[in-house]
Structure formats: C-alpha cells, structure tokens
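Spelled out, the chains give:
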Amino acid sequence: MTQSLSTPALDPRTLRDAFGAFPSGVVAVAASVKGQLTGIAASSFTSVSIDPPLVSFSIATTSSTWPLLREADHLGISVLADHHDAVCRQLAGPREERFAGLPFHVTGNGSVLLDEAVATYDCSVHQEVVAGDHLIVLLEVHEVGGGDGEHPLVFHRSGFAKLHRDDLDPARLDGRINGADVDSSADQARATDKQEDAA
Ligand SMILES: Cc1cc2nc3c(=O)[nH]c(=O)nc-3n(C[C@H](O)[C@H](O)[C@H](O)COP(=O)(O)O)c2cc1C
C-alpha cells in the first residue's frame, strides 16, 4: 500500500537523514546584482538536459537571497573543489561576508565565478517550479568552463568528503550516462578483456 503525501508518518529528521544518505557535489550560485555580490552554496545542483542545455538546483522558499539573485540576467555556477569546505560554509553563512577574501571574478554579463572551481557554468533562469517548501530552478546554460580545481567537494550525511579516483574508473561504468558514451576506451578495454578471456 502506498502512503499519501499528507500522511504524517515521516518526521523531518528521518527524512533529512534519508536525503543526506545521497552524496552530491556542491556549487556556488552567484551573480553581481545591481553591483551587489549575491550568492549561496547549493548541494541540490544537477544536470537536466543536453538539448536544450539545462541544469537545476532547488532553493528553499524561505531563502532571503533568491528574490535578489533571480533578478540577475546571468548567474554563475561554480562546482566547488575538495579544498572548498570552508568556502562552502562561508557561502552559506552571513550574507555580507559570503565573498570576503574569495578568489572569484565577475564576467561581463554579471555571473560570479570562483577561480578555483572544478567547472563553471554561465546560466540564466529558464523556469521556476514550486515544489513543496522549495523551488526547483531550471537554468539555461550559455557557456561552460574549467576552473583551476581538479577534484570536487563531496557533501554526504551533513559532512564533506573527497572522491577516491578509483570510483571514477570509466571501465566500471556500464558504458553510457545520460545517453552519451562515457568513454569509448572503456569499451575497447572490455573488448580486449573478452579477447583475452577467450584465448
Ligand atoms: C553544503 C550546503 C548545501 C546547501 N544546499 C542548499 C540547497 O541546495 N538549497 C538551498 O536552498 N540552500 C542550501 N544551502 C543553504 C544556503 O547556502 C544558504 O545558507 C541559505 O539559502 C540561507 O541563506 P539565504 O536566506 O541568504 O538564502 C546549503 C548549505 C550548505 C552548507
């Protein structure tokens, strides 16, 4: 039997713990809005669509920053690197201190991008969808770039972690992610393995 959405069986703590079991990266969503540096840290970022190019993140309806940030023509998304744990906390802290001392640059169209990010995206708001106590913000991607950072910060069970590179071995993936070849060399490696097995 399925529970209806209004059944009060799930207490928020249990739900938070369950959501926290799913690891994610963390991004900075930031822009210069009317000359004011504005941004937050968000772990709800995800890729959505290749054509058109879309990404999304979720923002609490109680956010005091989103009403300002959504006014920006362009928003910068910076994927935080594994040495950015303090940066992440700063970007989630008091608004007036979020960019203090951070190495970042403002692009010609107002996106704010962190210099040491693992990757950057120049975006504009495509659509906002109300989803319970959050808004799902769909962003159109106009440009992507690589930052100076190499390895991403991982957020898991309310704490920060780092990736083990072994986990990214494409040969262990099933060949395809989001409908695209992950790495054709993985297929070649598998074919070689099969040939060796057969021999
Ligand atoms: C690791 C981490 C991830 C976060 N992810 C989100 C998120 O996905 N969505 C969100 O609304 N807030 C998220 N926050 C909280 C925001 O960064 C920020 O603190 C919050 O929006 C409150 O500030 P505001 O009132 O200025 O918006 C996250 C905070 C941390 C530390």
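Structural data are supplied above this passage.
Let us look at the structure shown here. Every value quoted in this text rests on a predicted model; they were computed, and no experiment measured them.

**Thoughts on unusual backbone geometry**
Phase 1 of the analysis: Residue P52 is reached from D51 by a cis peptide bond, and omega for that bond is 5°.
Phase 2 of the analysis: Tracing the backbone shows P52 in the loop between β3 (46-49) and β4 (54-60).
Phase 3 of the analysis: Phi is positive for K34, close to 50°, though the residue is something other than glycine.
Phase 4 of the analysis: Following the sequence through the fold, K34 ends up in the loop between β1 (27-33) and β2 (36-42).
Phase 5 of the analysis: Under the relative-accessibility criterion, K34 is labelled exposed at 79%.
Phase 6 of the analysis: Of note, the phi angle at R157 is positive, near 50°, even though the residue is not glycine.
Phase 7 of the analysis: Mapping R157 onto the fold places it in the loop between β10 (153-156) and β11 (159-162).

**Let's talk about the pairing of β2**
Phase 1 of the analysis: Strand direction decides the pairing type here: β1 and β2, joined by seven bridges, are antiparallel. Among the inter-strand pairings, S32 is bridged to a residue of β2, identified as L37.
Phase 2 of the analysis: Two successive antiparallel strands, β1 and β2, enclose a turn made up of two residues, where K34 displays a positive phi of approximately 50°.

**Remarks on the site of the ligand**
Phase 1 of the analysis: Taken together, 16 residues surround the ligand, and among them A41, S44, S63, S64 and T65 come closest.
Phase 2 of the analysis: Backbone polar atom of A41 to an oxygen atom of the ligand: 2.7 Å apart, as the coordinates give it.
Phase 3 of the analysis: A distance of 2.9 Å separates an oxygen atom of the ligand from a polar atom in the backbone of A92.
Phase 4 of the analysis: Looking at the shell around the ligand, the elements that each hand over two or more residues are β2 and β4.
Phase 5 of the analysis: In terms of residue class, the shell around the ligand is made up of eight nonpolar, six polar and two charged.

Conventions and cut-offs
Residues numbered from 1 in each chain as written. Predicted model: local features only at pLDDT ≥ 70, side-chain atom pairs only at ≥ 80, totals over all residues. Heavy atoms only, no water. Helix = DSSP H or I, 4+ residues; strand = E, 2+ residues; numbered from the N terminus. Buried < 20%, exposed > 50% of the residue type's maximum accessible area, 1.4 Å probe, protein only. Pairing = 2+ DSSP bridges. Near = heavy atom within 4 Å. Polar contact = N/O pair within 3.5 Å; in protein donor to acceptor, adjacent residues only side chain to side chain. Nonpolar A, V, L, I, M, F, W, Y, C, P; charged D, E, K, R; others polar.

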